Structures are given as structure tokens and as C-alpha cells.
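Residue strings, one per chain:
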Amino acid sequence: MDTKAIKPKDLKNKIDEFLVIDVRGEGYYLIDHVKNAINVESVKRISYIAKEHSDKKILLYCHHGITAKYMSDELKTMGFDNIYYIDGSFSELVKQGIEIVYYSKE
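Worth saying up front: this structure is predicted, and the values here are computed from it rather than measured.

Q: What should I look at first to understand the pattern of salt bridges in this one?
A: As a working rule, side chains carrying opposite charge can pair if their charged atoms are close by. Within the structure shown, the criterion is met by eight salt bridges. A salt bridge links arginine 24 to aspartate 22; its shortest N-O distance comes to 2.8 Å. Given a relative accessible area of 4%, arginine 24 falls into the buried group. A salt bridge links aspartate 32 to arginine 24; the nearest nitrogen and oxygen atoms lie 3.4 Å apart.

Quick look at the structure:
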């Protein structure tokens, strides 16, 4: 299975090309997430989004890249070709200067 991996270092000026999906649990998403990312934890729900946005590239990310790769592989077997995943950790995204939204009590 040849899924489409993107290294965090290669994403800096390309993030706006994607519909970004955070596949981590909602609690983690609420603490911090990539700006404009949506939180979806279900392959089935992502498949609906991928169908609705077949003209867009969809980028999955998680804590370390393992769950995002797994979900990307599943979606590839379902016939989706517009799915990509971050081959790396969330902390690498932060280090590369990807804009992150942090929880605020204000």
C-alpha cells in the first residue's frame, strides 16, 4: 500500500493546500491543534469528508504519525486518492513553525 506521507519539514509553506484533520482525541485537540484543523477520530467520518471534498487534498495528523498512517492506509483501501498523512510527530510540526492554536482560559 503506497500512502502519501509528508514530513513536517516539507509542510511549512504547503499547509494551506490541505484540508487538515486532527485524528487525536478531542481532549488533545482542545489543548492544541494546527490552525484551521478539524477534529475527526473516525475513518468512516473522514471518508464522508473525503467524498464531499474530492477536489481537495486531505491531510491527517496525530501524536506520532502512527494513527494517521493507519487511517490513511484504510482510506486508500477504500479507494480514496486525496488522502495524505504527516510522517512525524505533532511536536515536529510545532518545531517547524506550523501555526498552532493553544487552549486559553480567557
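Q: Any chance you could explain the layout of surface pockets here in plain terms?
A: It is a probe the size of a water molecule, rolled over the atoms, that shows where empty space is left. Size it by volume and the largest pocket reaches roughly 230 Å³. What lines the largest pocket is simply Lys12, Ile15, Asp16, Phe18, Leu19, Val20, Val34, Lys35, Asn36, Gly97, Ile98 and Glu99. Take the lining of the largest pocket: its biggest share by element is three residues, from strand β2 (residues 18-22). For the lining of the largest pocket, the class distribution of residues is six nonpolar, two polar and four charged.

Q: What am I meant to see in the pairing of strand β6 (residues 83-86) here?
A: Each regular strand carries side chains that alternate between the two faces of the sheet. Burial of the side chains of β6 extends over both faces: Ile83 and Tyr85 are buried on one face and Tyr84 and Ile86 on the other. With three bridges joining them, strand β1 (residues 4-6) and β6 adopt parallel strand pairing. If you follow lysine 4 over to β6, its bridge partner there is tyrosine 84. Examined bridge by bridge, strand β5 (residues 57-61) and β6 share three bridges and lie parallel to one another. What sits directly across from leucine 60, in β6, is tyrosine 85.

Q: What's the story with the pairing of β2 in this structure? I'm lost.
A: Within β2, five of the five residues are buried, leaving the element largely enclosed by the surrounding structure. Across five bridges, β2 lies against β5 in parallel orientation. In the strand pairing of β5, isoleucine 21 is matched with leucine 60.

So, how was this worked out
- Residues numbered from 1 in each chain as written.
- Predicted model: local features only at pLDDT ≥ 70, side-chain atom pairs only at ≥ 80, totals over all residues.
- Heavy atoms only, no water.
- Salt bridge = Lys/Arg side-chain N within 4 Å of Asp/Glu carboxyl O.
- Buried < 20%, exposed > 50% of the residue type's maximum accessible area, 1.4 Å probe, protein only.
- 1 Å grid on protein atoms, 1.4 Å probe; cavity = no way out; pocket = protein on both sides within 12 Å on 5 of 7 lines; lining within 4 Å.
- Points joined across faces, edges and corners; volume = space filled by probe spheres on them.
- Helix = DSSP H or I, 4+ residues; strand = E, 2+ residues; numbered from the N terminus.
- Nonpolar A, V, L, I, M, F, W, Y, C, P; charged D, E, K, R; others polar.
- Pairing = 2+ DSSP bridges.

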